Amino acid sequence: MPHDNDMNDLALIQNFLKDRVASASVDKIVPDATLTELGIDSLMLVELIFEFEDKTGITVPSDIPLPNTVGELLQQLKDIRSQQATK
Amino acid sequence: MKKRRVAITGLGLINPYGEGDVEDFFARIMRGESAVRYHTLSNSPRPLALPLVACSHFNPIAVLGPPLANAMDRFSHFAVASALSAWQDSGLAKHSNRDDYGVSWGTGSGGSLTIERGYQTLYFENKEKVSPLSIVLAMNNSAASHIAMQLGLGGPCITSTVACASSSVAIGEAFRRIREGAVNLMLVGGSEAPLSYGVIRAWQAMRVLSEGDATTAYRACRPFSANRAGLTLAEGGAALVIEDWEHALARNARIYAEIAGYGNTCDRTHIARPDSGGQARAIAAALADSGLHPHEIDYVNAHDTSTVEGDAIEIQSIKTVFGEHAGKLAVSATKSMHGHSLGAASAIEALITTLALYHQAIPPTANVTEIGADCAGVDHVLIKGRSNVPVRAALSNSFAFGGSNAVLAFRSVTSS
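Residues numbered from 1 in each chain as written. Chains lettered and ligands numbered in written order. Predicted model: local features only at pLDDT ≥ 70, side-chain atom pairs only at ≥ 80, totals over all residues.

## What to know about the interface of chain B and chain A
Taken together, the contact pairs eight residues of chain B with eight residues of chain A. Considering only residue class, the side of chain B that touches chain A consists of four nonpolar, three polar and one charged. (Contact = placed C-beta atoms within 7 Å. Nonpolar A, V, L, I, M, F, W, Y, C, P; charged D, E, K, R; others polar.)

In structure tokens, the structure reads:
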């Protein structure tokens, strides 16, 4: 069963994208969706990461690899969250 | 080689009076209605209220949709919204995908709101980072690029930053490209969003802004008046579709008027103080370029902003070029109503001049009951416009800081 933080991160991504990508209806923003098919470019991904940092207080390293899917992005955020929790 | 003629076939603007279209805007201008109001600036570190023209009713999210609106500064909101409106007015296909169509846009300071917001974030909120979109929101050419993307315009995509003459330079340079055959159609105009605390304080420091309160703000801008006391800042945007005359006829487009000539000079004397010699050369250059005789000009939309020095110098420039005809030459300064939107102003004034020719009507200078002695010598149209009068040809003057002068000459369809 997904952790609350995972659900919150997905909701944050959905909420962010619905105001920025015309074709990204919430039901399309699922873990299997690729960032390309959702119309997320590299600038938008940085905006999304900044939004995540502002909302959670967690710092995302600038050298994280570019994710291909929403699921990969969620996993990256989950890993960063757990790494910073253990520090 | 025979030069091509250039037709104006589409008009659009951010109406400072509210939701109405360009005809509603022009009707209000003809009635001498001022859009100036006493505004209290929001999000300012100290209280700041002054006479301004703010397009407060304009909702970019509603007009453009959230994805597009969130990817742009306010000056680009004005640009794309007015461009879409002009495009629709012209009857062209929604997305053209044409490489012989282009954009030529004017703005004085582009995304200055984005820059100011970034400074607030860094210096006052003590954050380490700004929006990753800061550069692409703030850059002056972002408005033109967004217009090109929205309308599918693959030809030249040009931005002119020439202070208060930005839009007339943008229109004039596009006019030349069409006339010479480099392109067939250009979306032209300008936009400005200068109503931020930092920008207004900078203008106040120059001591050129008109003062006022809630009861007097409506009449704050009084060009040519004996008691004129400074300009009134405004935000906004206006767009025109201009195209090769034969191209317009072939698609059975409505032609509002013809752009007939363009004059562009530099005073080469002072960074802020205007020079009558440079202005007169620009007016004469526009007349020569158009082939129009001074006696054929029935109306001049003046640049005058309501400053003590600038207004008198422009009248002197007009008298220098027109000689005895100046006394019969109808002149008005419509900034008395729509304010001074800096890089967007000359696009709004080009639109007004176009409609003056289309409707054979001359708009007024509002708020003036007594002409200053130093501004006498032309036929001032005051308080209310004149309807049903012959307007064969007209000029729109734009004289900018930096000593940059741009004058556009227009000819009515009926007289061409």
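Next comes the rest of the write-up.
## Structural notes on the sheet that holds strand E9 (residues 297-301) of chain B
Residue and element names in this part refer to chain B. Pairing within the open sheet is mixed, and its eleven strands lie in the order E5-E4-E6-E7-E1-E8-E13-E12-E9-E10-E11. What marks the edges here is a single partner per strand, and that holds for strand E5 (157-160) and strand E11 (379-380). Relative to strand E13 (residues 404-411), strand E12 (residues 393-400) runs antiparallel, the two being bridged by eight bridges. Counterpart to Asn 397 in the pairing with E13 is Val 407. (Pairing = 2+ DSSP bridges. Helix = DSSP H or I, 4+ residues; strand = E, 2+ residues; numbered from the N terminus.)

## Let's talk about the environment of Ala182(B)
All names here are of chain B. The topology assignment puts Ala 182 in the loop between helix H8 (166-179) and strand E6 (185-192). Its 14 C-beta neighbours within 10 Å are what place Ala 182 among the partly exposed residues. As for Ala 182 and Glu 296, which are separated by 114 residues in sequence, their C-alpha atoms are 29 Å apart. (Buried ≥ 20, exposed ≤ 12 C-beta atoms within 10 Å, placed from the backbone.)

## Some remarks on the packing of helix H1 (residues 4-18) of chain A against helix H4 (residues 70-86) of chain A
Residue and element names in this part refer to chain A. Where H1 contacts H4, the two axes come as close as 10 Å, and the packing angle between them is 130°. Classed by the angle they form, the pair H1 and H4 counts as oblique. The handedness of the crossing between H1 and H4 is right-handed. For the pair H1 and H4, the contacting residues are Asn 5, Asp 6, Asp 9, Leu 10 and Ile 13 in the first and Val 70, Leu 74, Leu 77, Lys 78 and Arg 81 in the second. Taken together, the residues of the contact of H1 with H4 sort by class into five nonpolar, one polar and four charged. (Axes fitted to C-alpha atoms, helices over the stretch in contact; angles between N-to-C directions. Parallel < 35°, antiparallel > 145°, perpendicular 65-115°, else oblique. Left-handed = near helix turned anticlockwise from the far one by under 90°.)

## Some details on the packing of helix H1 (residues 22-30) of chain B against helix H14 (residues 345-359) of chain B
Residues and elements named next belong to chain B. At a closest axis distance of 11 Å, the pairing of H1 and H14 adopts a crossing angle of 85°. If you check the angle between H1 and H14, you find them roughly perpendicular. Across the interface between the two elements, Val 22, Phe 26 and Ile 29 of H1 pack against Leu 351, Ile 352 and Leu 355 of H14.

## Here's the deal with unusual backbone geometry
Residues and elements named next belong to chain B. The backbone of Arg 268 sits at a positive phi, close to 50°, despite the residue not being glycine. Positive phi is not limited to glycine here, since Ser 306 has a value of about 95°. Assessed through the 28 C-beta atoms surrounding it within 10 Å, Ser 306 is described here as buried.

## Side note on the pairing of strand E7 (residues 236-244) of chain B
For a regular strand, the rule is simple: side chains alternate between the two faces of the sheet. Residue and element names in this part refer to chain B. Among the nine residues in E7, nine count as buried, and that is most of the element. Looking at chain direction, strand E1 (residues 6-13) and E7 are connected through seven bridges and run antiparallel. Within E7, the residue paired with Gly 12 across the bridge is Ala 239.

## Considerations on the domain arrangement of chain B
By a widespread convention, an interface's size corresponds to the accessible area lost as its parts come together. All names here are of chain B. Per the domain assignment, the segments making up chain B are domain 1 (7-250) and domain 2 (261-411). The gap between the C-alpha centroids of domain 1 and domain 2 is 21 Å. Contact residues are listed per partner, giving 57 residues for domain 1 and 55 residues for domain 2. Secondary structure elements with two or more residues in the side of domain 1 that touches domain 2: E1, H1, H8, E6 and E7. In terms of residue count, the dominant contributor to the side of domain 1 that touches domain 2 is H8 (eight residues). (Domains from an automatic or database assignment.)

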